[in-house]
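# Tertiary structure, described
Spelled out, the chains give:
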Amino acid sequence: MKNNYFHRRILILLILNFGYHLSSIAQQVDTLNVNSNFQNVNLKTFAKINGEQSVDERSYFYFGFNNELNTIEFTIRNTENKPKNLILELSNALINEIILFKHFDETLIQQYKTGIDFNVSNKSLEHRLFAFPIHLKPLEIASFQLQLKKERGKPLVTSAYLKRESRFIKQSSIQLILIGLYYGISILSVFFSLFVFYILRRWRYLIYAFYIIFLGLFISSYTGLFSQLFLSESDVFSKYKHYVLFSEISLLLFVIFSQKILEAKVYMPQLKKAIDILLIALVSIRILIHFVFTNLFEQYVTVLMNLWYAIFLIMTILITIEIILYFKTNFKRSSFFAIAYVFMISGVCITILYHSYGLVNTMLYGLPIVFYSSFLEILFLTFTVILMVKDIYEERNSLSEKIVIEEKKNLTAFIKGEDNERIRISKELHDNIGSQLSYLKRVVSDKFKDHDLTDAINTICDDVRNLSHEISPSDLKLIGFENAVSDLATNLSGQTSLTVNFNSYHFPQNLEENIEIQLYRVVQETLNNILKHAKAKHIDIQLIGHDTYATISIEDDGKGFNIKTNEKGLGLKNITSRIHQINGKLEIDSKIDYGTSILITIPK
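Quick summary incoming for the structure in this document. (Residues numbered from 1 in each chain as written. Predicted model: local features only at pLDDT ≥ 70, side-chain atom pairs only at ≥ 80, totals over all residues. Heavy atoms only, no water.)

### Structural notes on the overall build of the protein
- When helices and strands are counted, the protein shows 15 helices and 20 strands.
- Within the protein, the proportion of its 604 residues that are buried is 44%.
- Counting contacts in the protein only where the partners sit at least 6 residues apart, residues at least 24 apart contribute 73% of the total.
- Accessible surface, the protein as shown: approximately 33,500 Å² in total, 59% of it carbon and sulfur. (Helix = DSSP H or I, 4+ residues; strand = E, 2+ residues; numbered from the N terminus. Buried < 20%, exposed > 50% of the residue type's maximum accessible area, 1.4 Å probe, protein only. Contact = heavy atoms within 4.5 Å. Areas by Shrake-Rupley, 256 points an atom, 1.4 Å probe, with all protein chains shown as cover.)

Dropping the structure here:
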C-alpha cells in the first residue's frame, strides 16, 4: 500500500511538473522577448488572431471573406534594463482601418488610428506602409491589440513585422533604392518610347509610354508610395479611385499594345476580335462593381470576382496562343515579348492567389512579387520595342537600297535611251536632212545662180552638220577624245563670252569607245550646267594622264553652291551615273561665290 501511495505521489508530481513546463512554453510562445540582439521578427508566431492562437501554417495573416473586423494580439517583453524603440510594420498598404491598442490594467488604450479611409496625416510615421512606433520601458512587458477593419465580402492579407528602429530604417532605405531603380528604368523607357513615337509617328509607341506610366502608378498605389508622394496630408487615399483605376487602365493599355506588337489585326484577326470583347468585359465589370453598383458588388463579390478571374484567364490563354502563332512571323520580337508576358502574368496570378485566397506569400525583401515581375516586364518590353525600331530601320534601309538600285537602273536606261536617241537624231540630221540640203544646194546653185541664197543654204548645212556632231560625236574615233574636248572648248569660247582654257598632259589615247563617249557626255553636261547656272567668266579644262589612272578637271569662277543642302538635279545625276558606269570616281568641291571644281578619275 505504501509503495502504491508513493508511486501515486511521484506520478502526480511528474504531471504537475509537465504542466508547469507546458505553461512556460506557452508563455514563451505568446510573449516576444526583446534583447540587445533583437533585429526583426514575424509576429505571426507570437500572435493571437481574433482571440485564439494561430493554427494555420501561413507566415502571414489571412482574414477570409466573412469578418469585417479582425484582431491581432501580441505581448512584448523588454529583457534589458534600458528602453527599446521598435517599429511595427504591416506589409499591406491598402487596409481600410487600423487601430493599435495597448493594454493598461485590462483596459485597451488607443495608440494610433489610420488606414486608407483616413487622411494621410493620420499615419503615425511618414512612410509608404503603415508603420507604428512602439516604445518599451526597461524590463517592461506590454500587450497590444491590432484591430484591422476590411470591406465586407473581401479577404484581407498582410504580414506584420516587429523591427528594431535602426533595422527598419536600413531596410526602408534598401527598398527605396530598389524603387528608385524601378522608376528610373521606367522613366528612361517612357522617354525612349516618346522619342520613337516623335520620330516614327506610330501610335504603338505612345501607347507603350502610357502603359509604363499607368503601370508605375499602379505599383506606387499598391506599395503605398502613391499616398506618400502624391497626396497631401488632408487627402484620403481611395483604393477604388486610384488602385483600381490605375490597374484597369494599365491592363487595357497592355492588351492594346500586345495586339500592336503581335500584329494581330493582320495575322490573327479572329483572335483579336475575341480578345477585344473579353477586354471590354473585364474593364466594364471592374469599373461597374467598384464605381457604379457598389452594393451589388458587396453582396455578390465572390461570384463577380470569380467571373472576372475566369474572363482574365481566357484572355491570357488567347494572348498566349497569339504569341505562339507569331513565332513563325517574327521569332526575335515574339521571344522577347513572350518573356515579358510570362513575367507580367506570373506576377498578376501570384498576386491574385495571395490577395484573394491567401495561398502564397508574395512579399520579398519588403516588396511584393508584382513589383519585381513588372520591373523585369518593362525591361523585356523595352528590348522588344528596340527590336521593333531596329526592324523598321532595317526595312527602311533595305527599301532605300532597293530604291537606289532601281533609280540607278532607271537612270542608266534613261541615259542609254538618250544616247540611242542622240545617235538616231544625229544620223537623221546627217544622212537624211543633210543629204536633202545638199541636193537643194545643187538645185538652187544650178537653176538660180544666186550666191546669197547658196551661202544661206551652206550656213544651214554647216549648222546641221555641227549639230549632228554635237549630238553624237561620231568623229571621236577619227579625231580622238582629247581633240574632241579641245574643239568643244574652242567652240564654247567662240560662241559665248566665256574664256575657256584647255590643257592636256599625257592623256591616254587608247580608251575604249564607250568610255570616251561617256566622258565626252560628262564634259558636255558639265559645261552646259556652267552655262545655265554658274554665271562664270572663266573655265579651265585639264586632261592629265598618270601611270594607272587619268583625271579630268573642270573648274569655273562662278557663283558656286552649297553641296550639303543642294539637291542633285537631273544633269548632275546623269553625270554621276555615267561616271559609275565606267567605274570612275567623281569629286565635286564648291563654295558660294568661289566657284566650283569637278574632278573625274578613271582607271586606265
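There's more to say after this.
### Concerning the environment of glutamine 111
- Tracing the backbone shows glutamine 111 in strand 9 (residues 107-114).
- Its relative accessible area of 35% is what places glutamine 111 among the partly exposed residues.
- Those residues in contact with glutamine 111 that sit more than four places away from it in its chain are Leu100, Phe101, Lys102 and Phe104.

### Section: a nonpolar patch on the surface
- Residues Phe195, Tyr198, Ile199 and Tyr393 make up a contiguous nonpolar surface patch of about 450 Å² in total accessible area.
- Of all the elements, helix 2 (residues 165-200) adds the most residues to the nonpolar patch, at three residues.
- Take isoleucine 199: it is sitting in helix 2. (Patch = residues over 30% accessible without salt bridge, like charges linked within 9 Å, V, L, I, M, F, W, Y side chains within 5 Å. Salt bridge = Lys/Arg side-chain N within 4 Å of Asp/Glu carboxyl O.)

### Here we look at the nonpolar core
- Counting residues in each nonpolar core, the largest one holds 109 residues, and the members touching the most others are Leu88, Leu162 and Met315.
- Apart from the residues lying within four places of it in its own chain, the contact partners of leucine 162 are Leu32, Phe38, Gln39, Asn40, Val41, Leu43, Ile76, Leu86, Ile87, Leu88 and Ile134.
- By size, the runner-up hydrophobic cluster in this structure holds 32 residues, among which are Leu498, Leu527, Ile579 and Ile602. (Core = buried A, V, L, I, M, F, W, Y, C linked by side-chain atoms within 4.5 Å.)

### Considerations on the packing of helix 5 (residues 239-261) against helix 10 (residues 331-357)
- Contact pair helix 5 / helix 10: the axes reach a minimum separation of 11 Å and the direction vectors enclose 160 degrees. Considering their axes alone, helix 5 and helix 10 lie roughly antiparallel with respect to each other. Helix-helix and strand crossings are classified by hand; for helix 5 and helix 10 the assignment is left-handed. Between helix 5, through Phe254, Ser258 and Ile261, and helix 10, the contact on the second element is made entirely by Arg333, Phe337, Tyr341 and Met344. (Axes fitted to C-alpha atoms, helices over the stretch in contact; angles between N-to-C directions. Parallel < 35°, antiparallel > 145°, perpendicular 65-115°, else oblique. Left-handed = near helix turned anticlockwise from the far one by under 90°.)

### Description of the pattern of salt bridges
- Under the counting rule described, the total for this entry stands at eleven salt bridges.
- For glutamate 89, the salt bridge is made with lysine 163, and the minimal N-O distance between the two is 2.9 Å. Of this pair, glutamate 89 sits in strand 7 (residues 84-90) while lysine 163 sits in strand 13 (residues 160-164), and the two are 74 residues apart along the sequence. Both residues of the pair, glutamate 89 and lysine 163, belong to the buried class.
- Across the pair glutamate 394 and lysine 390 runs a salt bridge, and its minimum N-O distance is 2.5 Å. Here glutamate 394 and its partner lysine 390 are both found in helix 11 (residues 369-447), four residues apart, which amounts to about one turn of the helix.
- Assessed through its relative accessible area of 41%, glutamate 394 is described here as partly exposed.
- Given the relative accessible area of 40%, lysine 390 is considered partly exposed.
- The network of salt bridges with shared partners includes Glu151, Lys154 and Lys239.

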